[in-house]
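Residues per chain are reported as follows:
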Amino acid sequence: MTVHFIGAGPGAPDLITVRGLRIIQSCPICLYAGSLVPEAVVAEAPQGARVIDTAPLHLDEIIAEMEAAHAKGVDVARVHSGDPSIYGAIAEQMRRLDVLAIPYDVTPGVPAFAAAAAAMAKELTVPEVCQTVILTRTAMQSSAMPEGEELSTLGRSGATLAIHLSVRNIRHIERELSPLPAYGPDCPAVIAYRIGWPDQALIHATLSTLYEKAREAKLTRTALIFVGRGLGATEFIDSKLYDASHVHVLRPKRRG
């Protein structure tokens, strides 16, 4: 018996991995985060499977379902949105399973920031403009940010920031980043709303207009905020990867 933690991707049912889908199709018990995972994904569970939306459940109740499955010797598909390694709340579940000696594994999924970059048709690492992407969030009602991970600190790098779980904290984002020379009020920003779902939207803004545009769109959840100069870069050098003068082991220098 194994509990399979599965990343279902950002929303579109066909963005789940082949491995993740096959596990769901084989498990007699499927626990899924119903507020973020489309029903079409868990509809692939076997006929007669026990399929449970865990959105209204607390941690003890979720673990109890896994314990009951373990007692019966049947596998569990535990389906999370995006990739479970990023704000997936799987660490606390795995810690409980370790205590109970219940085996588990993890199948990765397409993370929201990658799906959003695809929807924007953007490369997040632009040569000589930005070569670093930081995945972070801000603190509101959730757990506090560790010391040293404040936006004002992370922003000193000038990296492209992918800010999760923060659409209701945009004023704070503006206050922290606008004074920094790497960003400033005119820095490009994008709100990626419900990427992968039928109502997905990309709202292009700057740091100074981010709050107004989010308010106009009446966004309160399920949005990812990008900030960085690379989002608006058009004048940049070609990468060395395909440069005709760049020699490497798979493309050695040509004679004559």
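Residues numbered from 1 in each chain as written. Predicted model: local features only at pLDDT ≥ 70, side-chain atom pairs only at ≥ 80, totals over all residues. Heavy atoms only, no water.

**Student:** Can you tell me about the side chain of Asp-83, naming the residues and giving the values?
**Tutor:** By the secondary structure assignment, Asp-83 is in the loop between β4 (76-80) and α4 (91-100). As a buried residue without a salt bridge, Asp-83 has its nearest oppositely charged side chain in Arg-19, at a separation of 10 Å. Within the structure, the side chain of Asp-83 is placed 2.3 Å from the side chain of Ser-85, a separation counted as a polar contact. (Helix = DSSP H or I, 4+ residues; strand = E, 2+ residues; numbered from the N terminus. Buried < 20%, exposed > 50% of the residue type's maximum accessible area, 1.4 Å probe, protein only. Lys, Arg positive; Asp, Glu negative; His and termini not counted. Salt bridge = Lys/Arg side-chain N within 4 Å of Asp/Glu carboxyl O. Polar contact = N/O pair within 3.5 Å; in protein donor to acceptor, adjacent residues only side chain to side chain.)

**Student:** So what's going on with the domain arrangement of the protein? Residues and values would help.
**Tutor:** Domain parsing of the protein yields domain 1 (3-107) and domain 2 (112-232). Contact residues are listed per partner, giving 9 residues for domain 1 and 13 residues for domain 2. The largest share of the area that domain 1 buries against domain 2 comes from Pro-10, Ile-86 and Tyr-87, three residues that together contribute 59% of it. On inspection of domain 1 and its partner domain 2, the count reaches 0 salt bridges. (Domains from an automatic or database assignment. Contact = heavy atoms within 4.5 Å. Buried area = accessible area lost by both parts, 1.4 Å probe.)

**Student:** Provide a residue-level description of the environment of Ala-116, including the pertinent values.
**Tutor:** Mapped onto the elements, Ala-116 comes out in helix α5 (residues 112-120). The spatial distance from the C-alpha of Ala-116 to the C-alpha of Arg-229 is 17 Å, given a sequence separation of 113 residues. In contact with Ala-116, not counting residues within four places along its chain, are Ala-192, Ile-195, Leu-224 and Phe-226.

**Student:** Give me the lowdown on the pattern of salt bridges, citing residues and values where you can.
**Tutor:** Tallying each qualifying case throughout the model produces 5 salt bridges. With a shortest N-O distance of 2.7 Å, Arg-229 and Asp-186 are connected by a salt bridge. Of this pair, Arg-229 sits in the segment after β10 (223-227) while Asp-186 sits in the loop between α7 (170-177) and β8 (188-193), and the two are 43 residues apart along the sequence. Residue classification places Arg-229 among the partly exposed positions, given a relative accessible area of 33%.

**Student:** Please provide a residue-by-residue account of the environment of Leu-59, values included.
**Tutor:** Among the secondary structure elements, Leu-59 is positioned in helix α3 (residues 59-72). Take Leu-59: its relative accessible area is 23%, and that puts it in the partly exposed class. For the pair formed by Leu-59 and Asp-186, sequence separation is 127 residues and the distance between their alpha carbons is 43 Å. Look past the residues within four positions of Leu-59 in its chain and what remains in contact with it is Glu-92, Gln-93 and Arg-96.

**Student:** Pulling in residues and values, what's your account of α5?
**Tutor:** For an α-helix, 3.6 residues make a turn, and residues three or four places apart therefore share a direction. Every buried residue of α5 is accounted for by Phe-113, Ala-115, Ala-116, Ala-117 and Met-120. One or two positions beyond α5, positive phi appears at Ala-121, with a value near 55 degrees.

**Student:** An account of the environment of Leu-135 is needed here, citing residue identities and associated values.
**Tutor:** Take Leu-135: it is sitting in strand β6 (residues 133-137). As for Leu-135 and Leu-31, which are separated by 104 residues in sequence, their C-alpha atoms are 26 Å apart. Filtering out sequence-adjacent residues up to four positions away, Leu-135 remains in contact with Ile-86, Tyr-87, Phe-113, Ala-162 and His-164.

**Student:** Tell me about unusual backbone geometry, and please be specific about residues and values.
**Tutor:** The phi torsion at Ala-121 lies on the positive side, around 55 degrees, for a residue other than glycine. Within the secondary structure, Ala-121 is located in the loop between α5 and β6. For Ala-121, a relative accessible area of 67% translates into the label exposed. Not every positive phi belongs to a glycine, and Glu-128 is a case in point at roughly 65 degrees. Within the secondary structure, Glu-128 sits in the loop between α5 and β6. Exposure remark for Glu-128: the relative accessible area of 69% places this residue in the exposed category.

**Student:** Which residues make up the sheet that holds strand β9 (residues 201-206), and what are the values?
**Tutor:** Read from one edge of the open sheet, 5 strands run β6-β7-β10-β8-β9, paired in mixed fashion. Taken across any chain shown, the strands that pair with only one partner, and hence form the sheet edges, are β6 and β9. Here the average twist between neighbouring strands, direction ignored, is 20 degrees. Inspection of the sheet shows β8 paired to β10 by 5 bridges, in the antiparallel sense. Residue pairing in the sheet places Ile-191 in a bridge with Ile-225 of β10. Here α5 sits on the sheet in contact with β6, β7 (160-164), β8, β9 and β10, set at roughly 70 degrees to β10. (Pairing = 2+ DSSP bridges. Axes fitted to C-alpha atoms, helices over the stretch in contact; angles between N-to-C directions.)

**Student:** How would you explain the packing of α3 against α4 if you had to name every residue and give the values?
**Tutor:** With their axes 11 Å apart at the nearest point, α3 and α4 run at an angle of 45 degrees to one another. One way to sum up the angle between α3 and α4 is to call them oblique. The hand of the α3/α4 crossing is right-handed. From α3, Leu-59, Asp-60, Ile-62, Ile-63, Met-66 and Glu-67 reach across to α4, where they touch Glu-92, Gln-93, Arg-96, Leu-97 and Leu-100. Of the residues assigned to the contact of α3 with α4, the class counts are 6 nonpolar, 1 polar and 4 charged. (Parallel < 35°, antiparallel > 145°, perpendicular 65-115°, else oblique. Left-handed = near helix turned anticlockwise from the far one by under 90°. Nonpolar A, V, L, I, M, F, W, Y, C, P; charged D, E, K, R; others polar.)

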